[in-house]
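Architecture at a glance
What follows is each chain in one-letter form.
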Amino acid sequence: MSQKVRIALDAMGGDFGASVVVPGAAISLTRHPDSEFLLFGDSALINKQLAAHPALQAASRVIHTDVAVSMHDKPSQALRRGRKVSSMWLAIEAVKKGEADVAVSAGNTGALMAMARFCLRTLPGIDRPAIAAIWPTVRGDSVVLDLGATIGGDAEHLKALAVMGSAMASVLFDLERPTVGLLNIGVEEIKGGEEIRAAAELLREMNSPQFEFIGFVEGDGIGKGAADVIVSEGFSGNIALKAAEGTARQINEYLKAAMSRTWRSKIGYLFAREAFRSLRDKMDPNKSNGGVFLGLNGVVVKSHGGTSADGFAYAVDVGYDMVRYDLLNKINHTLNRGGGALGAPTAREAVS
């Protein structure tokens, strides 16, 4: 890896394109001045935004394309129309060519996964990549996956997620043997569908030296930090993520309304505003933005499509950290040591 961290950005991805991607990259650059950027997209729109960020402009190269993947495109459509020409594809391809160390996009999840799998291919023994993210909890942080890369999964797929997620947790949290739990509707062994019960049996039999399987974890256990790694198939994981983000925003609105209702509450807020700022900071979903595609021959980070510039900056930060931690090689090493039966059937379309 070069001394600089080279970050390829899909500047046309997401709900707002360059108007969020460029300012977000500028924010991340202030935190990581050893970054360099390749921005793929409409050069006129990108350069207009770059003009307001001279430091980023000096650290960036713009590669023009007027083809962007729509947030409504199906993965198959995106591949047909955007392969080799779209801003999303070109950002991923820069990683494959060795021109960038990581690609970051706020674009269509299904299209991004399809293009990343097609362009980069998967690591040996991995058939279905996953989206993993850092999830803030009351006892610190956990790695949660899959957050929507693919829908469904059999026991072998869930086992593979546990192996990859534990590798990520051991690197990021400096844990020798992170704990792993399976997201389920109850902690009892008889609860849940056949696939998840079979996965639990496989993980118990595996008795991996790389992680400790603790059994099932209910939905409320994610926020409690019941395990260092929470494993779920992508449909349930994506719902859990969106529900948590919505709840955080809901509570924030409740607090705003309560603090401005009467003059007494306003005075009370003045005395407790530092505590409320700390609470708001911990509940800010932007700070948890940035899902890592695990299982690929390259590092790709997915940002929420509707995020702000601050939120996109955190996704770029995640990409930077994945490169600096050399996560890809370390996960590959863990898979080779503790993998085994990591095959799984072909995935269905990703959750958008």
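Higher on the page you've got the structure.
As a starting point, this report considers the structure included with it.

Notes on empty space enclosed by the protein
According to the stated counting rule, one finds three cavities of 30 Å³ or more in the structure shown. What the largest cavity holds in volume is close to 70 Å³. Leu123, Val292, Phe293, Leu294, Gly295, Leu296, Gly298, Val299, Leu327, Leu328 and Ile331 together form the lining of the largest cavity. Those elements giving two or more residues to the lining of the largest cavity turn out to be β10 (291-294) and α13 (327-338). Tallied by class, residues from the lining of the largest cavity come to nine nonpolar, two polar and no charged. The calculated volume of the second largest cavity comes to roughly 40 Å³. For the second largest cavity, the full set of lining residues is Gly13, Gly14, Asp15, Phe16, Gly17, Val20, Val21, Ala106, Gly305, Thr307 and Phe312. For the lining of the second largest cavity, the per-class residue count stands at five nonpolar, five polar and one charged.

Digging into the nonpolar core
Among the nonpolar cores identified, the biggest contains 61 residues, and Leu9 and Met168 are the most heavily contacted of them. Looking at this core element by element, the count peaks at twelve residues for helix α7 (residues 155-172). Setting aside chain neighbours within four positions, we find Met168 in contact with Ala132, Ile134, Val143, Val292, Leu294, Met322, Leu327 and Ile331. Ranked by size, the runner-up nonpolar core spans 37 residues in total, among them Ala91, Ala111, Leu120 and Ala240.

Side note on the pattern of salt bridges
Counted under the stated rule, the structure contains nine salt bridges. With its nearest N and O atoms 2.9 Å apart, the salt bridge here joins Asp101 to Arg6. Linking Asp101 in the loop between α5 (87-96) and β4 (102-105) with Arg6 in strand β1 (residues 5-10), this pair joins segments that are 95 residues apart in sequence. Arg6 sits in the partly exposed class, given a relative accessible area of 22%. With a shortest N-O distance of 3.7 Å, Glu201 and Arg204 are connected by a salt bridge. Of this pair, Glu201 and Arg204 are both found in helix α8 (residues 194-206), three residues apart, which corresponds to roughly one turn of the helix. Classification of Arg204 as partly exposed rests on a relative accessible area of 35%.

A word on unusual backbone geometry
Excluding glycine, a negative phi dihedral is what most residues carry, and trans is how most peptide bonds are arranged. Cis peptide bonds are those with omega within 30 degrees of zero, and the linkage from Leu145 to Asp146 qualifies with 5°. Within the chain, Asp174 stands out as a residue other than glycine whose phi angle is a positive 55°. For Asp174, the position within the fold is in the loop between α7 and β7 (179-183). Relative accessible area serves as the criterion here: at 70%, Asp174 is assigned to the exposed category.

Describing the environment of Leu112
Considering the arrangement of structural elements, one finds Leu112 in helix α6 (residues 109-120). Linking Leu112 and Val69, residues 43 residues apart in sequence, is a C-alpha distance of 9.0 Å. For Leu112, the residues in contact, after removing those within four places along its chain, are Met88, Ile92, Ser105, Phe293, Val300, Val301 and Lys302.

Notes on the packing of helix α1 (residues 18-31) against helix α2 (residues 43-50)
The geometry of α1 relative to α2 is characterised by a closest axis approach of 9 Å and an angle of 45° between their N-to-C directions. Judged on the interaxial angle alone, α2 and α1 are oblique. Crossing hand, α1 versus α2: right-handed. Together, Ala18, Ser19, Val22 and Pro23 of α1 and Leu45, Ile46, Gln49 and Leu50 of α2 make up the contact between the two elements. Grouping the constituent residues of the contact of α1 with α2 by class yields six nonpolar, two polar and no charged.

Observations concerning the pairing of strand β5 (residues 130-137)
The buried fraction of β5 amounts to six of the eight residues, a majority that puts the element mostly inside the structure. Relative to β10, β5 runs antiparallel, the two sharing three bridges. Within β10, the residue paired with Ile131 across the bridge is Phe293. One ladder, built from six bridges, connects β5 with strand β6 (residues 140-145); its direction is antiparallel. Bridge pairing in β6 links Thr137 to Gly140.

Quick word on the sheet that holds strand β3 (residues 60-64)
Strand order in the open sheet made by the eleven strands is β3-β2-β1-β4-β11-β10-β5-β6-β9-β7-β8, with mixed pairing throughout. Of all the strands in the sheet, the pair left with one neighbour each is β3 and β8 (212-217). Each neighbouring strand pair of the sheet contributes to a mean axis angle of 25°, computed without reference to strand direction. With three bridges connecting them, β7 and strand β9 (residues 229-231) associate as parallel partners. In the strand pairing of β9, Gly181 is matched with Ile230. Set on the sheet, α7 makes contact with β5, β6, β7, β9 and β10; between it and β9 the angle comes to about 160°.

Cut-off values and rules
Residues numbered from 1 in each chain as written. Predicted model: local features only at pLDDT ≥ 70, side-chain atom pairs only at ≥ 80, totals over all residues. Heavy atoms only, no water. 1 Å grid on protein atoms, 1.4 Å probe; cavity = no way out; pocket = protein on both sides within 12 Å on 5 of 7 lines; lining within 4 Å. Points joined across faces, edges and corners; volume = space filled by probe spheres on them. Helix = DSSP H or I, 4+ residues; strand = E, 2+ residues; numbered from the N terminus. Nonpolar A, V, L, I, M, F, W, Y, C, P; charged D, E, K, R; others polar. Core = buried A, V, L, I, M, F, W, Y, C linked by side-chain atoms within 4.5 Å. Buried < 20%, exposed > 50% of the residue type's maximum accessible area, 1.4 Å probe, protein only. Contact = heavy atoms within 4.5 Å. Salt bridge = Lys/Arg side-chain N within 4 Å of Asp/Glu carboxyl O. Axes fitted to C-alpha atoms, helices over the stretch in contact; angles between N-to-C directions. Parallel < 35°, antiparallel > 145°, perpendicular 65-115°, else oblique. Left-handed = near helix turned anticlockwise from the far one by under 90°. Pairing = 2+ DSSP bridges.

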